[in-house]
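# Descriptive analysis of the structure
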Amino acid sequence: MTERKITVMCPFNTTCGVGIFGWNLGENLEKINGNKVSYVGINEGPIKPHEKLKFSHNIYKPQSWNKLEKYLVNSDTNFLITNHEFSFDPRFLPSGEFVDCEGSHLSGLTQKLSNKKDLVHFVYLHTVPGKDKVKPFEIKELRKLAKYSDGLIVTTDGALKTLSSAPYNIPKEKIERIYHGIRINEEDGEETRRKWDAENIF
């Protein structure tokens, strides 16, 4: 069996839900024969020491994004999973000063990696703004991620429905749904959102 070298990029600490989700996913992928998993740690908070943490990425330093790009371009990974959260992608002034969380580093990186031969790249989305609350910038970023990756991963039917309809209009074939396993009751999801006036909130 051909060895699959998988890299998971996520916050690598015990205080972030996205981080816990990311490295639990990696641990489960490694249980499949032929998979070898390593991690790129986003150091939002204390880094959890781990022998499989191959690169530590500081999202608040522009030069770290450049180093991350070089690392991934030159690595021998053939399957990449990046975890996307808008707060993980800051925007900077030319001086390097932080502006806000409307950066486009990850979508730019995804575009460059799309030229890497034999790399499969999925982007795990942790926030999908509802159609009545989404900003033009957010639409642009998620569309770009969909275009240049092999697919987007979401955890709910609602997120899939939102992304595949206006204003996102991302093709359904570019969206994969993996349930997170949490169910608070047996009610229909859409009925629950209507009941709590949360139809466009995720």
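Look above for the structure.
A brief look at the structure comes next. (Residues numbered from 1 in each chain as written. Predicted model: local features only at pLDDT ≥ 70, side-chain atom pairs only at ≥ 80, totals over all residues. Heavy atoms only, no water.)

## Thoughts on the pairing of strand 2 (residues 35-42)
What counts is decided by this rule: Burial here depends on accessible area, computed with a 1.4 Å probe over protein chains only, as a share of the maximum for the residue type. Under 20% is buried, over 50% is exposed, and the range in between is partly exposed. Helical segments are the DSSP runs of H or I of at least four residues, strand segments are the runs of E of at least two, and each set is numbered from the N terminus. When DSSP finds two or more bridges between two strands, those strands count as paired.
Counted residue by residue, strand 2 has seven buried out of eight residues, so it is predominantly covered. Both strand 1 (residues 4-11) and strand 2 contribute to a ladder of eight bridges, which runs parallel. Bridging across to strand 2, Val8 finds its partner in Tyr39. Bridge count for strand 2 against strand 3 (residues 53-57) is four bridges, and the pairing is parallel. By the bridge assignment, Val40 is partnered in strand 3 with Phe55.

## Regarding the sheet that holds strand 2
Just so we agree on the cut-off: The angle between two axes is taken between their N-to-C directions and runs from 0 to 180 degrees, where each axis is a line fitted to C-alpha atoms and a helix contributes only its stretch in contact. Contacts are assigned to residue pairs with any non-hydrogen atoms lying within 4.5 Å of each other.
Read across the open sheet, the seven strands follow the order 3-2-1-4-7-8-9; overall the sheet is parallel. A strand with exactly one partner marks an edge of an open sheet, and here the two such strands are strand 3 and strand 9 (175-177). The average angle at which neighbouring strand axes cross in this sheet is 25°, direction not considered. Sheet strands in contact with helix 2 (residues 62-74) are strand 1, strand 2, strand 3 and strand 4 (79-84), and its direction is about 150° off that of strand 3. Its contacts with the sheet place helix 3 (residues 105-113) against strand 1, strand 4 and strand 7 (120-125), and it is angled at close to 165° to strand 4.

## Focus: the side chain of Thr110
For the record, the criterion: Two N or O atoms count as a polar contact when they lie within 3.5 Å, although within protein this holds only if one can serve as hydrogen donor and the other as acceptor, and sequence-adjacent residues are included solely when both atoms are side-chain atoms.
By secondary structure assignment, the location of Thr110 is in helix 3. Owing to a relative accessible area of 0%, Thr110 belongs among the buried residues under this scheme. A polar side-chain atom of Thr110 sits 2.8 Å from the main-chain carbonyl oxygen of Leu106. Discounting chain neighbours no more than four positions away, the residues touching Thr110 are His121, Leu145, Tyr148 and Ser149.

Keep in mind these numbers describe shape, not what the thing actually does.
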